[in-house]
Each structure stands twice: as C-alpha cells, then as structure tokens.
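# Residue-level structural notes
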2 protein chains.
Amino acid sequence: MTQSFDTYFEQQRDKHLRELFEFLRFPSISTQPEHAQDVAACAEFLSDKMRNIGFENVSLMPTKGHPVVYGDWLHAEGKPTVLVYGHYDVQPVDPVELWDSAPFEPEIRDGKLYARGASDDKGQVFMHLKAFEALFETNGELPVNVKFCFEGEEEIGSLNLPEFVRQHQELLAADIVVISDTTMLGPDMPSICYGLRGLAGLQVDVKGAKGDLHSGLYGGAIQNPLHALVHILDSMHNDDGSVAVEGFYNSVTDLTPDERSAYATLGSNDAELMKELDVPALYGEAGYTPRERIWGRPTLEINGVYGGYQGEGTKTVIPSEAHAKITCRLVPAQDPDDILDKVEAHVQKHTRPGVKSTVIKTDRGNAYLTPFNHPAIQLAAESYAKAYGKPASFSRMGGSIPVVDTFSSVLNTPVVLMGFGLESENFHAPNEHFTLSNFDRGLRTLCYYWLGLEDALR
Amino acid sequence: MTQSFDTYFEQQRDKHLRELFEFLRFPSISTQPEHAQDVAACAEFLSDKMRNIGFENVSLMPTKGHPVVYGDWLHAEGKPTVLVYGHYDVQPVDPVELWDSAPFEPEIRDGKLYARGASDDKGQVFMHLKAFEALFETNGELPVNVKFCFEGEEEIGSLNLPEFVRQHQELLAADIVVISDTTMLGPDMPSICYGLRGLAGLQVDVKGAKGDLHSGLYGGAIQNPLHALVHILDSMHNDDGSVAVEGFYNSVTDLTPDERSAYATLGSNDAELMKELDVPALYGEAGYTPRERIWGRPTLEINGVYGGYQGEGTKTVIPSEAHAKITCRLVPAQDPDDILDKVEAHVQKHTRPGVKSTVIKTDRGNAYLTPFNHPAIQLAAESYAKAYGKPASFSRMGGSIPVVDTFSSVLNTPVVLMGFGLESENFHAPNEHFTLSNFDRGLRTLCYYWLGLEDALR
C-alpha cells in the first residue's frame, strides 16, 4: 500500500508540478478589486481539478465576497468524515521590484518553488488534492469521507467565512477538520501545531486643538497630541517587557511545566533568529524564552503610529491629531472583548490633560488550543514521523487563524493543523517560495494520515 | 508736520489699497517651482514701486534662489541709516477649498483685507513703502537714510539670505534694522516684540529587524521599533511638563522678575486661548503661566511621528523602522548645537536593547533678545502709543525668525521688530487677512518712528 502511493508520486511528480504552476499563475489577489476576475477564474480552475479527481457536488458557493469552493466524496460508509480547509486567494505582490522572478510566473530554483501563493496557501491546498488523487488511483476509493472548503478571502480576514460556516453547519459537519496553512519548525523538523494565539485589535485616536498649530506661537502652552499619545503608548509596557495594562494577564492559562520542558528539548533558536532578522538582541517578557513568548504568552504590539509631519525636512507644527494601531495576541483563556475593555480603560487612565482619547475596537479572535493527547493529533505526529523518518514535535504558533476557532466552535470539531510551510518562506513578502522537499514528504504525510484515521478515531 | 502725513494717508487711502491689491495678486509662492515666474514678476512690481517713490539703486540682486529686492535713499547726511527687511514671497494656499474668497483675488470684508500674504508679509512691506512715500510727499526728503532688503525666500526658511547678508555687509550696513513681520498682542493692543525663540530641529530614526515582520510569528520575542520610539519620546518630558533631557535648561537665561511682572499686567488670556483652540485645558511646564511658557521658556515639541501601518483597518505588522521629527524652541542663551547634542545623547541613552537609533540634526537658529531699554526700542513704543492712543506693551514671540539673529550678528546692529499683524489673522492658513485699522494706524506709527529716530539715537 505504502509503496503504491509512493511510486505514484514519483511517477507523477513533473505532471503535478506543471499543474501546480497553472494554479499559481492566477493572480487571485483577494484584496484588489481589479483582480476579482482572476480570483473567480482561480476558483473555477480549482473546482475543475476537484471534479477531475473524482470529487462530487463540486460548486462555487457564493458569499458576500469571493466564493467558497466546495466538493465532497462521501462513499466511505461507516468511516470518519473529514473537512479540509484551505484558501486559494493570495496576498498582493508589492513591492514587485523586490522579486527575483515574476510573482505569477512560477520558477524552481535550488529546490524551492518561487511564486506568490506557493506556500501560502495554494501549494498546500494542491497537496490535499494530489494526496486524495493518489489514494483514488492506487486504491480505487478513499479511506475517509472528505469535504473540501476552500475560501477566497483568507488574506482579507475571512470576512464572510464565519457566516458561511454557521449557515452550512450540516453540509460541513465532520469528525475532524484538517487545515494546512501553518508552518513546521524547520525544513527537516516535522512538527504539529496544536495552538494558535487569538487577536484583539484597536485604534487609539488622540485629539488636541481644533486645527494644526504653529509650534512657535503655541508650543509650551498646550498639550501636544503626539506627546500625549507616546505617553499612553509607552505606559503600556513595563521595563521588564511585560504588558502593563491592568488585568491583562488575569485569565491567562500559563504554559504547563510539560509544555515548557517539551519546548526546551527543541533547543534555542535565538542566535538563528537574530541572524535571520538582523537584530543585535532579542527582547521580550522576562522569565520566558523567546519561543515561549511567541507560542504561549500574550503580547501587545503597536502596529502603526502616525500624526503630524512626515515629509522631507522640518515643519514646526503641533498637530491636531495623533493615532496608533494596536493588536494584542491572546492566549487561552483570554477573552478578546475583555482585553479590549482593559486596554481602553488604560488609554483613558493615561490620557494627560488637554487632549481627548478615543478607542475604536476593530478585531476580535479567540486563541485556540487542542490538547495534544487527542488521537487525531497523535496520528498526525505519527504520519509526519513516517514520512520524514524522524519524530515530530508538538509546537504552537504565535499567529492567529480566526477560522480555526470558528470551525471548532460552530462545528464542535477538533481542528488538526498539518502545515508544511516554513517561516522563512516569505509569505506576504517578495520571493515567497515553497520548499519542494516538504511538498514531496507532505504528500506522503497526508496519505499516511488518511489511511490511519479510522483506526485512530475508533 | 503730523497733520501733513495724516492728511496724505486719508486722501490716498483708496489709491493705496488698489496698489496693495495689485501687489497681493501675484501668486508669489516661493516653495512651488511652477510659481517661479510669479515670484520674479512680483519682485519686478516691488522694485518698480520703489523707483517710483524715489528710491535709488533699485535692483533684483540674485541669490541661488529667488532674488533679493534692494533699493536705497542715502541723502540724509549725518542722520541715522536704517535697513528695512521684509519678504514678498508667500505660503502655498492649500487647502484652497477652505478659502471664502480666492487667495489671490483680494477682498475687503468687515474691515479686513483677505488674501494670501495680506498680513504675512506683503501688507507690512507695502506699509513701509507708503510711509516713506508720505514723508517724501509731505517733506520733500526723508528724515533717515534708508536701505530696503526684501527677500523672496522667507517662507522656505530664508535659505540663501544668511550668505547674502555676509556677502553684502557693506551694502547693508545700518544703525538699526527694522522688521515688520511679527504680531501685536491684539487689534487694539500695540506692542513691541523684543524677543524671539531659537530653533533646534532633528529627526530620530529607530531601526529594528531588516524587514517588516508578522506580529504573530515574531511578536513578543523582538523589540518593536515603535515601542522603542515611544519609550524614547515619552522619556523626553517629565510629569510636570518640563523637558527631561539632561542639561536642557543649563544655559537658559530665565525671565527676569521685571519681565514676569510686566507680562502679568497684560492679564491672563488663558480662557480666550482655550476657546480659540477648542481644548479642554492648557498644559505646560509647571511654575510658569502659558504666556511665559510661550515667550520665555524653551520647549521640545514632537512635530511628527510615523512608522508601521497607517491605512484603513488592521495590519498585524512589526515595522522595521519608526521615525520622529522634533523641534526645540530655544531661549537666550541656549546654543542650538549644544541642545542637539544633548537630545542626541538622551535618545541613545533611552534606546532599548534590540534596536538602533540614529539622530539627524536638521535645524539650528539662535534665540534673539533686544534689551528693552535700547533707545530704538523705546522710540518704537512711543510711536505706537502716539498712533494708537494708548501705551504699547513689550512682548516676546514664541516663534523663530532666524534672519533676526543673522542681521544682528553679521551686521552687528540692533533689530527692532515693529509688527502690525495679529495671531488670529491666519498666516499660513486659509482666509489669511490683514486688519485694516492696523494698516492705517501702522502707517502713522512708522512715520512717527522715522521722524523721531535721529533724536532718539543721538
């Protein structure tokens, strides 16, 4: 059995890559209205592929934005049903002049496939199609019931997916959800992501005088909104790197001693990280390693600050307004609304006299954590181990995938994150690429997984 | 004698306003290359006017930028020589849609003349021409030797004037310099400005990782340049509103008890200021009134902050860079270079680990203070008192006019600031205007001044 899909992947590799190239050539940039036709064409391409492999009920299901591509194969009677989620839309390509090859002209260099979407997420979506195709071809049928849900709006925040999932609970019902849109720890370090951070986003607006003022004629006598803003923002962190917002850590589920020792066995990647990012030192909350901070500790990050003059040279202005954009990454069991309330209270408390602060709450997403003793998670680890020839680690990820919580809570289903990307693969940046050794081994990992799932869940 | 110029101004008023309208119609915006021809045409107009009145050696003297309009009348043998400085260039007019009448179509409404440059500074330059014209017409000659130096680059920082003054020291040599480009305390509050603040400008650049980072994948483990920047910036002020940069106040010449009590007699304008600016409270260095803070205390103002995402919605980015623009207003005897060094040291000292800060020093200008017992200043006060029918106050101004220090130090001459503008007249903003009662009384003030100068300086 193993032999058969292995041989199939070897024989078909060139053909598979050619097909993946076709998929990657669609500039399916969801955020740019001028690419709406490309997004639609890409969805059509994907649904054609699904039909050709043998999936049924394939359709472009409308949302208020770009369509969801659905398809299923439900003839494995008495066996588990899996929902596979991914996305066929991609990020914009700017600044395009920093790409070494055209973003929508896929090119293989040094064992890496370069193209926008290669890793995030078309390459990984494509692997799911080809893993099931291999099982069909070598087995005549699939070992599980399969439902695909591929969305076209992940890169614009999955605006319409929660509503879609709620409206189609029955259609999407499954025993487990599998998502391949995360990263492994390294090119040769298979790992299962069992936790994601949540998100709470807000904007702070500070308003001073009714218009911009001359800093000579008024400077010294009124509160400068930029001074007030930097005071508010600086007050949000303590000197030890922890967040100073009152009650911020109240409901945090701390990392367990087991988790911390498991992470410790991975060894430090601090030196590597410093080199990759070209920074003289790492920095963060005292008492935790950088990896623990990213995976298991909440943060408050300022994502943007703006106010006053930004041009060449000097303008002696006291601006009327100043602004900041902030996102907090949350861990279980922090509640985004509670955190937003606490940050808002902090902003008001630290607003100096003479200006007015307003908080606009913009983003909310729960953290997600699957216990790593769940059999569907354990099986994922075993499948990676078989394909990569070494044991898989359990990791978390510092990012947020809000749809994970949506699937988990609306469908009441565990979500298994089987990612094959690498953090160094430039998602959202120029020269995005996908490491083909992970494409090859990932295809096999998925086959092992589907073949073992019935036994694991029994 | 008095009667004669008074009558002359009454008879000629309509004609004078028509001529001023012509002067104001030139869109002599020095900062916009597309208006270079307008600036040149305006300089020609001004030199023609000077010639027609009887001035000699009138010429457009070239600089690397726009020309200086020079002219003189040097036949008052044995009498003082005065250099009158002003500028014929104006600020841009954006946002033009906020003007109630076209910026270069002068219009009188409610006793105010609306046009770009009406008050800053064409209106005041024109008054000097007409005051001397009146003395010529009623007297046949002038009571002083006069040199005009009208520049076309004041609104772009008098880029070439210091070099021009150094190169033409002999030509410009005078007993006193008179500048009419400042404001009075109120429409009916004649005042002599005897002090200006200096300026020290810089930019702070904070650099973190080599590129923008995903705040989920890296947030918590590295120093966010925006966090580092707001920490640096907030550390620059103490809670009591004073500047926290070490040594910032070391060489400050404090306000004298005489000055403070003179200012106190002007009464508080706090309520008025709060209403004008629409702020809930004034704010500034403890221990000083708002007026004292603006006129006589140094400040450190952040004029701009920028870094990271500024668009709609949210972007979960840890930016690679963050920036701030800062200007300090200086008082005697602070040295701009010394202050810039101190701020730079402060920035470095408060830069947290994991990022690199750089300071670019951009602006330097000394503060200026004329002792108010100088006879040329005392005469100015008496001249205002005669024309306005009430005693003039001595005031300072919080702004900076770097050329004042240039004239004073290069020509070794006292500078008398006889301004007829009002702070409420929207210089640099839409609906700039000039209050015509100050035009009328200002013309008379100038005549009294020139007629009295020989005696005063004797």
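Please refer to the structure placed before this passage.
Quick look at the structure, then.

The rules behind each value
Note on numbering: residues in each chain are counted from 1, in written sequence order. To read the labels, note that chains go from A and ligands from 1, taken in the order they are written. Only residues with pLDDT of 70 or above have their local features reported here, since the model is predicted, and side-chain atom pairs are shown and tallied only from 80 upward, although totals for entire chains, interfaces and linings are computed over all residues. Only heavy atoms go into the side-chain values, all of them from the structure, while hydrogens and water stay out. Elements are defined by DSSP. Helices are runs of H or I of four residues or more, strands are runs of E of two residues or more, and each kind is numbered from the N terminus. For every residue, the accessible area obtained with a 1.4 Å probe (protein chains only) is divided by the maximum for its type, and the residue is called buried under 20%, exposed over 50%, and partly exposed between those limits. Positive charges come from Lys and Arg, negative ones from Asp and Glu, while His and the chain ends are left out of the count. Note on definitions: salt bridges are taken to be side-chain nitrogens of Lys or Arg within 4 Å of carboxyl oxygens of Asp or Glu. Under the rule applied, a polar contact is a pair of N or O atoms within 3.5 Å (in protein, one hydrogen donor and one hydrogen acceptor; residues adjacent in sequence only if both atoms are side-chain atoms). We call two residues contacting when some pair of their heavy atoms lies within 4.5 Å. Buried area: the sum, over both parts, of the accessible surface (1.4 Å probe) that disappears when the two are put together. Pairing between strands is defined by DSSP: at least two bridges between them are needed. To estimate the expected span of a helix, count its residues, drop one, and scale the result by 1.5 Å. Orientation is described by axes fitted as lines to C-alpha atoms, over the contacting stretch for helices, and by angles from 0 to 180 degrees between their N-to-C directions. Least squares is the method used to superpose the copies, on C-alpha atoms of residues holding a pLDDT of at least 70 in both.

## Looking at the side chain of Asp181(A)
All names here are of chain A. Topologically, Asp-181 is positioned in the loop between β7 (176-179) and β8 (183-184). Here Asp-181 sits buried without a salt bridge, and the closest side chain of opposite charge, Arg-116, lies 11 Å off (N-O distance). For Asp-181, the side chain forms a polar contact with the side chain of His-87, separated by 3.3 Å. Contacts of Asp-181, omitting those with residues within four sequence positions, involve His-87, Asp-120, Asp-121, Gln-124, Glu-154 and Ile-401.

## Here's the deal with the side chain of Ser119(B)
Turning to its location among the elements, Ser119(B) is positioned in the loop between β5 (112-114) and α3 (122-139). If we skip the residues at most four places from it in the chain, Ser119(B) touches Gln124(B), Gly421(B), Glu425(B), Phe427(B), Glu432(B), His433(B) and Phe434(B).

## A look at the interface of chain A and chain B
Listed per partner, the contact involves 75 residues of chain A and 74 residues of chain B. Summed over both partners, the interface of chain A with chain B buries about 6,100 Å², with 54% contributed by carbon and sulfur atoms. Together, Leu217(A), Tyr283(A) and Asn303(A) form the three largest contributors to the area buried by chain A at its contact with chain B, with a combined 11%. Applying the counting criterion to the chain A and chain B interface returns two salt bridges. Here Asp239(A) ties to Arg352(B) by a salt bridge, and the two come within 2.6 Å at their closest N and O atoms. Put simply, chain A and chain B have 43 residue pairs in polar contact (both at pLDDT 80 or more) between them. Per element, the largest residue contribution to the side of chain A that touches chain B is ten residues, and it comes from strand β12 (residues 299-308) of chain A. As paired strands, β12(A) and strand β12 (residues 299-308) of chain B are joined by five bridges and run antiparallel to one another. Its bridge partner lying in β12(B), Val305(A) is registered against Gly307(B).

## Some remarks on α3(B)
Note: α-helices contain 3.6 residues per turn, so residues at a spacing of three or four share the same orientation. Residue and element names in this part refer to chain B. For α3, with 18 residues, the first-to-last C-alpha span of 26 Å sits near the 26 Å given by 1.5 Å per residue. Here α3 lies mainly inside the structure; 15 of its 18 residues are buried. Once α3 finishes, Gly-140 follows within two positions and takes phi at roughly 80°, a positive value.

## Let's talk about the sheet that holds strand β15 (residues 356-365) of chain B
Taken together, eight strands build an open sheet; the order of strands is β15(A)-β10(A)-β14(A)-β12(A)-β12(B)-β14(B)-β10(B)-β15(B) and the sheet is antiparallel. The open sheet has two edge strands with one neighbour each: β15 (356-365) of chain A together with β15 of chain B. Strand-to-strand twist of the sheet, defined as the mean angle between neighbouring strand axes without regard to direction, takes the value 20°. Here helix α11 (residues 336-349) of chain B sits on the sheet in contact with β10 (198-207), β12, β14 (321-330) and β15 of chain B, set at roughly 165° to β15(B).

## A look at the relation of the copies chain A and chain B
Turning chain A through 179° and shifting it by 0.3 Å along the axis lays it on chain B, with an RMSD of 0.3 Å. One copy is carried onto the other by what is essentially a two-fold rotation axis. Interface residue correspondence from chain A to chain B reaches 99%, placing this contact among same-surface, isologous pairings.

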